[in-house]
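Residue strings, one per chain:
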Amino acid sequence: MPGEIGAVVVDHDAGPLLERCVRSLLDDGATAVVVVENGASGSAAAALDGLLGTQPAPPVHIVRPGRNVGYGAGVNRGLAALAGQPAPPEWVLVSNADVVVHAGALAALRAALESHPAWAIVGPRIFTETGDVYPSVRRFPSFTDAAGHALLALFNPDNPFTRRYNPGTPGGTVVTEAGWVSGSCFLGHRSALEELGGFDEAYFMYAEDMDLCWRARQAGWGVGFAGTAEITHIQGVSAARHPYRMMVAHHRSALRFSVRTAKGWRRAALPLAVLVLGVRMAVATVRLALSR
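Everything numeric in this text was worked out from a predicted model, so none of it was measured. (Residues numbered from 1 in each chain as written. Predicted model: local features only at pLDDT ≥ 70, side-chain atom pairs only at ≥ 80, totals over all residues. Heavy atoms only, no water.)

Quick look at a nonpolar patch on the surface now. On the surface, a nonpolar cluster with roughly 400 Å² of combined accessible area is contributed by L151, L152, L272, L275 and V279. No other element matches the three residues that helix α12 (residues 270-291) contributes to the nonpolar patch. Assignment of secondary structure puts L272 in helix α12. (Patch = residues over 30% accessible without salt bridge, like charges linked within 9 Å, V, L, I, M, F, W, Y side chains within 5 Å. Areas by Shrake-Rupley, 256 points an atom, 1.4 Å probe, with all protein chains shown as cover. Salt bridge = Lys/Arg side-chain N within 4 Å of Asp/Glu carboxyl O. Helix = DSSP H or I, 4+ residues; strand = E, 2+ residues; numbered from the N terminus.)

Here it is as structure tokens:
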């Protein structure tokens, strides 16, 4: 319905964090929450038992794909479930299960989209569990900046290539245009997300948010950031269980995005992109092995 905000939460065995996430969404005004169970069978219902058992029962629906279909595919199933309701919400918050929205965040994100009707997506300010601001607002990098960031960020996060690609999250209560925003939490206009076909399911994890924002811009939509809305994201809860698998997925998705967006002379440089990402993954694997 016009003005109402539904939410899609993709869960992968987040446990108690899932209930905390869903409670924060309902407390902040979400009229319906669809939880997509990408983890073990029954895990979402078990985590939400204390919430679902209350009277009256909250408007929470669990979608069970039967396997881990990936983040983007999970979101798409949640979007389909919301669209199939008798009165689908106008706005949809997409969220990881290890997110807590702060009071007033949903209304602030909706206000940002209402005041910028050309935007399809708007992201909030994201805090880590230690209270630091996560750099969730980024630019689409040039080929040089992408290569420089890939090779140097592991050793020197403050290198000039990374600074241009990731200039940092704007401070204060600014509402402004963004290149792309993190898919861990954003509000979208449901009709715009449907027009775009949701996430590209060829990305299992990582880069699906960058791809969605890129396709939104190609279709004439804008992407924004609202410093008036804040959330906390406890990162890496699910990915930490399979670090090497997630590392491979990260680099594979980065390569897929490079291939799909390269035009003109950049297509001829794709072998170099493969080499750069291969070197980066090898270095990152060694660093992870040493740290463990």
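This part covers the packing of aromatic side chains. What the rule picks out here adds up to five aromatic pairs. Judged by centre distance (6.5 Å) and plane angle (35 degrees), the rings of Y165 and W180 are tilted. Here Y165, found in helix α7 (residues 160-165), pairs with W180, found in strand β10 (residues 180-181); they are 15 residues apart in sequence, far enough to count as distant. A residue is classified by how much of its surface remains accessible, and W180, at 8% relative accessible area, is buried. Here F186 and F199 contribute two aromatic rings whose centre-to-centre distance is 6.2 Å and whose plane-to-plane angle is 70 degrees, an arrangement assigned as edge-to-face. (Phe/Tyr/Trp six-rings, centres within 6.5 Å; stacked < 30°, edge-to-face > 60°. Buried < 20%, exposed > 50% of the residue type's maximum accessible area, 1.4 Å probe, protein only.)

Our focus in this paragraph is the pairing of strand β12 (residues 222-233). Within β12, 10 of the 12 residues are buried, which leaves it mostly tucked inside the rest of the structure. One ladder, built from three bridges, connects strand β5 (residues 99-101) with β12; its direction is antiparallel. Note that in β12 the partner of V99 across the bridge is H233. With eight bridges joining them, strand β6 (residues 119-127) and β12 adopt parallel strand pairing. Pairing of W119 across the sheet is with G222, part of β12. (Pairing = 2+ DSSP bridges.)

On to the nonpolar core, then. Ranked by internal contacts, the top residues of the largest apolar core, which has 37 residues, are L18, V22, L25, V33, V35 and L93. Ranked by residues supplied to this core, first place goes to helix α5 (residues 105-115) with six residues. Sequence-distant contacts of V35, defined by excluding residues within four places in its chain, comprise V9, D11, L18, V22, A44, L48, V60, H61, I62 and V63. V34, L79, V181 and A192 belong to the second largest nonpolar core, which has 35 residues in total. (Core = buried A, V, L, I, M, F, W, Y, C linked by side-chain atoms within 4.5 Å. Contact = heavy atoms within 4.5 Å.)

One non-glycine residue, D13, adopts positive backbone phi at about 60 degrees. Within the fold, D13 resides in the loop between β1 (5-11) and α1 (16-27).

Take helix α9 (residues 208-218) next. Counting buried positions over the 11 residues of α9 gives nine, a clear majority of the element. For α9, the full list of buried residues reads E208, D209, M210, D211, L212, C213, W214, R215 and A216. Phi for G220, located one or two positions after α9, is positive at around 95 degrees.

Time to look at the pattern of salt bridges. Inspection of every chain in the model, using the stated rule, returns nine salt bridges. Between D145 and R164 there is a salt bridge; the shortest N-O distance is 2.9 Å. Separated by 19 residues along the polypeptide, D145 in helix α6 (residues 143-152) and R164 in helix α7 bring together distant segments of the chain.

With that settled, consider empty space enclosed by the protein. One water molecule sets the probe size; rolling that probe over the atoms shows where empty space is left. Applying the stated rule across the entire model yields one cavity of 30 Å³ or more. Space inside the largest cavity adds up to approximately 30 Å³. If you go around the largest cavity, the residues you meet are G123, P124, I126, S136, V137, V181, S182, C185 and F225. Broken down by element, the lining of the largest cavity gets its largest block of residues, three residues, from β6. Here the residues of the lining of the largest cavity sort into six nonpolar, three polar and no charged. (1 Å grid on protein atoms, 1.4 Å probe; cavity = no way out; pocket = protein on both sides within 12 Å on 5 of 7 lines; lining within 4 Å. Points joined across faces, edges and corners; volume = space filled by probe spheres on them. Nonpolar A, V, L, I, M, F, W, Y, C, P; charged D, E, K, R; others polar.)

Here L113 shows up in helix α5. Residue classification places L113 among the buried residues on the basis of a relative accessible area of 2%. Each C-alpha atom, one on L113 and one on A226, is 9.3 Å from the other, the two residues being 113 residues apart in sequence. When sequence neighbours within four positions are dropped, the list of residues in contact with L113 reads W91, W119, A120, I121, V122, L187, G188 and H189.

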